[in-house]
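# Notes for the structure review
Each chain, letter by letter, is given below.
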Amino acid sequence: MGTASLTDSPLDPTPLLAQVSTPDRGALVLFLGTVRDHHRGRSVAFLTYSAYRPMALARLERIVADLEADGTVRAAIVHRLGEVPVGEASVAIAASSAHREAAYEASRTALERLKREVPIWKRERYADGEEVWREEEPLGEVEEPAPLETTR
Amino acid sequence: MPQPPTEIRVQVQGFASAGDALGRERRVVTLPAGSTVADLKARLTRDFPDLEPLWPRLAVAVGGDLAGPGDPVPDGAEVALLPPVSGG
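Residues numbered from 1 in each chain as written. Chains lettered and ligands numbered in written order. Predicted model: local features only at pLDDT ≥ 70, side-chain atom pairs only at ≥ 80, totals over all residues. Heavy atoms only, no water.

## Let's talk about the overall build of chain A
When helices and strands are tallied, chain A shows 3 helices and 9 strands. Along the chain direction, N to C, the helices and strands of chain A fall in the order β-α-β-β-β-α-β-β-β-α-β-β. A globule of 152 residues ought to have a C-alpha radius of gyration of about 15 Å, and chain A, at 16 Å, matches this closely. Taking the principal axes of the C-alpha coordinates as reference, chain A spans close to 50 × 30 × 30 Å. Within chain A, the fraction of its 152 residues that count as buried is 46%. Long-range contacts, defined here as pairs at least 24 residues apart, represent 74% of the contacts in chain A between residues at least 6 apart. Here chain A displays about 7,700 Å² of accessible surface, and carbon together with sulfur accounts for 50% of that area. (Helix = DSSP H or I, 4+ residues; strand = E, 2+ residues; numbered from the N terminus. Rg over C-alpha atoms; globule rule 2.2 N^0.38 Å. Buried < 20%, exposed > 50% of the residue type's maximum accessible area, 1.4 Å probe, protein only. Contact = heavy atoms within 4.5 Å. Areas by Shrake-Rupley, 256 points an atom, 1.4 Å probe, with all protein chains shown as cover.)

## Concerning unusual backbone geometry
Residue and element names in this part refer to chain A. One non-glycine residue, Arg 40, adopts positive backbone phi at about 45°. Here Arg 40 lies in the loop between strand S3 (38-39) and strand S4 (42-51). Overall, the relative accessible area of 73% leaves Arg 40 in the exposed class.

## Concerning the interface of chain A and chain B
Every contact between the two is made by 25 residues of chain A and, on the other side, 19 residues of chain B. Interface area, chain A with chain B, both sides summed: about 1,800 Å², of which 59% is carbon and sulfur. Linking chain A with chain B are 15 residue pairs in polar contact (both at pLDDT 80 or more). For the side of chain A that touches chain B, the elements supplying multiple residues, two or more each, are S4, helix H2 (53-68), strand S7 (89-97), helix H3 (100-117), strand S8 (120-126) and strand S9 (131-134) of chain A. A breakdown of the residues in the side of chain A that touches chain B according to their chemical character gives 13 nonpolar, 3 polar and 9 charged. (Buried area = accessible area lost by both parts, 1.4 Å probe. Polar contact = N/O pair within 3.5 Å; in protein donor to acceptor, adjacent residues only side chain to side chain. Nonpolar A, V, L, I, M, F, W, Y, C, P; charged D, E, K, R; others polar.)

## A few points about the side chain of B:Ser17
Residue placement: B:Ser17 occurs in helix H1 (residues 17-22). A distance of 2.7 Å separates a polar atom in the side chain of B:Ser17 from a polar atom in the side chain of A:Glu135. Not counting residues within four places of it along the chain, the set of residues in contact with B:Ser17 comprises A:Trp133, A:Glu135, B:Leu54, B:Arg57 and B:Pro83.

## Details of the pairing of strand S3 (residues 59-62) of chain B
What you see with S3(B) is no split at all: B:Ala59 and B:Ala61 on one side and B:Val60 and B:Val62 on the other are buried throughout. Hairpin connection from S3(B) to strand S4 (residues 65-67) of chain B: 2 residues lie between these consecutive antiparallel strands, with B:Gly63 at a positive phi of about 60°. (Pairing = 2+ DSSP bridges.)

## Concerning the sheet that holds strand S1 (residues 7-14) of chain B
Residues and elements named next belong to chain B. Taken in spatial order, the 5 strands line up as S2-S1-S5-S3-S4 in an open sheet, and their pairing is mixed. Pairing within the sheet leaves two strands with one partner each, and these edge strands are strand S2 (27-32) and S4. For this sheet the average axis-to-axis angle between neighbouring strands, irrespective of direction, equals 35°. (Axes fitted to C-alpha atoms, helices over the stretch in contact; angles between N-to-C directions.)

## Considerations on H2(A)
In an α-helix, one turn spans 3.6 residues; hence positions three or four apart end up facing the same way. For H2(A), with 16 residues, the first-to-last C-alpha span of 22 Å sits near the 22 Å given by 1.5 Å per residue. Inspection of H2(A) places A:Met55, A:Ala56, A:Arg59, A:Leu60, A:Ile63, A:Val64, A:Asp66, A:Leu67 and A:Glu68 among the buried residues, and these make up the whole buried set. (Expected span 1.5 Å × (residues − 1).)

Don't take any of this as a statement about function, it's just geometry.
Listed below in structure tokens is the structure:
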């Protein structure tokens, strides 16, 4: 099984890819979300991420478990917390499957669910010194995964 | 037989803008036994008026699970005030 984790250090994709790499899975997809230098036309200096850690970890683990439930996909997620400079990754998602369709889908689903279900917040520091919490997706119940439709 | 407690103590932590309103540290709140999430909200609003405009956007977790206004708050519970999220 792949893992879910939180870290206060810069992300390293290599061990994440190793987690999902198995000889029977020929497609590996890596997603990195990195800090952009702008938001709605304003220049961003850096982001600071915080989390309700126990619940965030539990919900990330639930996402991985749901993605892996039928044995097709292996997935791993790590989210960075604390200050993340422009250009550095705040989240990394690795997903693998025998054929590429399921891996692409799992990578997308992992991020979409993370953005809706996991108690993590980013605070933007703009170039002019202002700091703003981004509060975007109301936190709801864990979403039940859709039935698998793609072929293995 | 020990008497059931007439008061309960819970720890409350706010995140993002709720953390700004509540202060960053965990707050210990003492409430009558049998209090609900709604009772806790009323007490927190009284003690931290900056929370008032935030409530419509806040989710409340008790022990790491989302809770509604009518849900009980157990003695010793960890309560978290959770604005809309922005991870990733």
